[in-house]
Amino acid sequence: MKDMRSLGILGGTFDPIHYGHLIAAEHVHYEFGLDRILVVPNANPPHKENSEVLDADRRYHMVELAIKNNPILELSSLEMKKQGFSYTVDTVDHYRNQFPGTEIYFITGADSLFFMDTWKDLRRLVELCTFIVVTRPGYSIDRKNEVLEKLPHTLWDKMKQLQIPGLDISSSDIRKRVAEGKPIKYLLPLQVEEYILAQGLYRKDGSKSNAE
Ligand code: ATP
Ligand code: MG
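Below is a summary of the structure that appears in this document. Keep in mind it's a predicted model, so treat the numbers as computed, not measured.

About the thresholds
Residues numbered from 1 in each chain as written. Chains lettered and ligands numbered in written order. Predicted model: local features only at pLDDT ≥ 70, side-chain atom pairs only at ≥ 80, totals over all residues. Heavy atoms only, no water. Core = buried A, V, L, I, M, F, W, Y, C linked by side-chain atoms within 4.5 Å. Buried < 20%, exposed > 50% of the residue type's maximum accessible area, 1.4 Å probe, protein only. Helix = DSSP H or I, 4+ residues; strand = E, 2+ residues; numbered from the N terminus. Contact = heavy atoms within 4.5 Å. Phe/Tyr/Trp six-rings, centres within 6.5 Å; stacked < 30°, edge-to-face > 60°. Near = heavy atom within 4 Å. Polar contact = N/O pair within 3.5 Å; in protein donor to acceptor, adjacent residues only side chain to side chain. Nonpolar A, V, L, I, M, F, W, Y, C, P; charged D, E, K, R; others polar. Pairing = 2+ DSSP bridges. Axes fitted to C-alpha atoms, helices over the stretch in contact; angles between N-to-C directions.

Moving on: the nonpolar core. Residues Ile17, Met62, Ile67, Leu73, Val192 and Ile196 are the most contacted members of the largest nonpolar core, which totals 36 residues. Residue assignment for this core shows that the elements contributing at least two residues are helix 1 (19-32), strand 2 (36-41), helix 2 (56-67), strand 3 (73-75), strand 4 (103-109), strand 5 (130-134), helix 7 (171-179) and helix 8 (190-199). Ranked by residue count, the leading element in this core is helix 2, at five residues. Aside from chain neighbours lying at most four places away, what touches Ile67 is Ile17, Leu22, Leu73, Glu74 and Leu75. In terms of nonpolar packing, the next biggest core, distinct from the first, is built from 29 residues, Phe99, Phe106, Ile141 and Leu155 among them.

Dropping the structure here:
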């Protein structure tokens with residue numbers, strides 16, 4: 001895209017994508033006037049190596065279904081194509097090289113701050129992009145918190161915070177609900193819900209999940 005001044009990146013596992021992710025992207029786009037936002041599903045997330053994560057192709061497809069009618073959101077296969085671990089600093093580096101002169105904003109929910117000290121090259125990452133941290137129910141963004149106060153001051157100084165309508169929705173809760181046979185309607189886009197049910201994803205018997 002020519003003359004792109006600002007690019008948002010929303011990384012995540014998206015296992016599955018839900019309205020919490022979408023509302024974060026929508027509000028960040030509006031409030032910060034970003035030209036566009038890339039949704040970047042990770043291949044094999046470093047922080048979730050011990051848990052079972054659905055294969056990247058189906059997580060990617062669910063994002064595709066969720067964002068297809070939204071012109072400001074674009075799906076990126078960058079991390080998926082790499083296979084294995086992917087690190088935010090490498091993703092941001094990649095897009096800085098692809099779009100020189102474009103300001104990069106990395107969008108994340110408040111919960112991510114609580115394990116950000118484990119992120120690769122965090123200090124360099126802070127230099128390469130601006131963090132936009134959106135509120136998330138259950139996580140307060142308090143610099144004096146004993147975990148958060150240990151994060152680099154450059155991160156705090158540069159960080160932008162955005163209060164968004166609180167949606168207490170998480171992918172792990174959605175997976176649990178499906179496993180328990182509980183409804184997930186209105187927690188995520190209808191097409192994603194239909195795909196989950198048709199594919200038999202996240203069911204306790206695991207009949208179709210991660211198979212085929
Ligand atoms: P899981 O429960 O499996 O960790 P999740 O719902 O946290 O899933 P992720 O794919 O881990 O989803 O999150 C991707 C990004 O979206 C993270 O930066 C996370 O903080 C943010 N995010 C997810 N859900 C919400 C929400 N309800 N409100 C605000 N931000 C959210
Ligand atoms: Mg999460």
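For the coordinates displayed, the defined rule picks out seven aromatic pairs. Centroid distance Phe85 to Tyr87: 6.4 Å. Interplanar angle 80°. Geometry classified as edge-to-face. With 6.2 Å between their ring centres and 45° between their planes, Trp119 and Phe131 make a pair best called tilted. Here Phe131 lies in strand 5 and Trp119 lies in the loop between strand 4 and helix 5 (122-128), a separation of twelve residues in the sequence. Considered together, Trp119 and Phe131 belong to a single accessibility category, that of buried residues. A connected cluster of aromatic rings, assembled from ring pairs, spans Phe106, Phe115, Trp119 and Phe131.

So, on to the site of ligand 1. Lining the immediate surroundings of ligand 1 are 21 residues, of which His18, His21, Asp111, Ser171 and Ser172 lie closest. A distance of 3.1 Å separates an oxygen atom of ligand 1 from a polar atom in the side chain of Thr108. With respect to ligand 1, the side chain of Ser172 contributes an N or O atom lying 2.4 Å from an oxygen atom. Mapped onto the shell around ligand 1, the elements with two or more residues apiece are strand 1 (6-12), helix 1, strand 4 and helix 7. Element by element, the count of residues in the shell around ligand 1 is highest for helix 7, at three residues. Here the residues of the shell around ligand 1 are counted per class, giving four nonpolar, 13 polar and four charged.

Let us look at the sheet that holds strand 4. Read from one edge to the other, the open sheet built from six strands follows the order 3-2-1-4-5-6, with strand pairing classed as parallel. With partners counted over all chains shown, the strands left at the sheet margins are strand 3 and strand 6 (160-162), one partner each. Between one strand and the next, the sheet's axes are offset by a mean angle of 30°, whatever the strand orientation. As defined by bridge partners, strand 1 adjoins strand 4 across five bridges and the pair is classed as parallel. Residue Ser6 lies in a different strand from strand 4, and its bridge partner there is Glu103.

Here we take up unusual backbone geometry. Cis geometry marks the peptide bond from Asp15 to Pro16; its omega dihedral reads 5°. With respect to the element layout, Pro16 can be found in the loop between strand 1 and helix 1. Although it is not a glycine, Tyr186 sits at a positive phi angle of roughly 75°. Looking at the secondary structure, you find Tyr186 in the loop between helix 7 and helix 8. When its relative accessible area of 70% is taken as the criterion, Tyr186 is described as exposed.

With that settled, the discussion passes to the pairing of strand 4. Here strand 4 lies mainly inside the structure; six of its seven residues are buried. Across five bridges, the pairing between strand 4 and strand 5 is parallel. By the bridge assignment for strand 5, Tyr105 is matched with Thr130.

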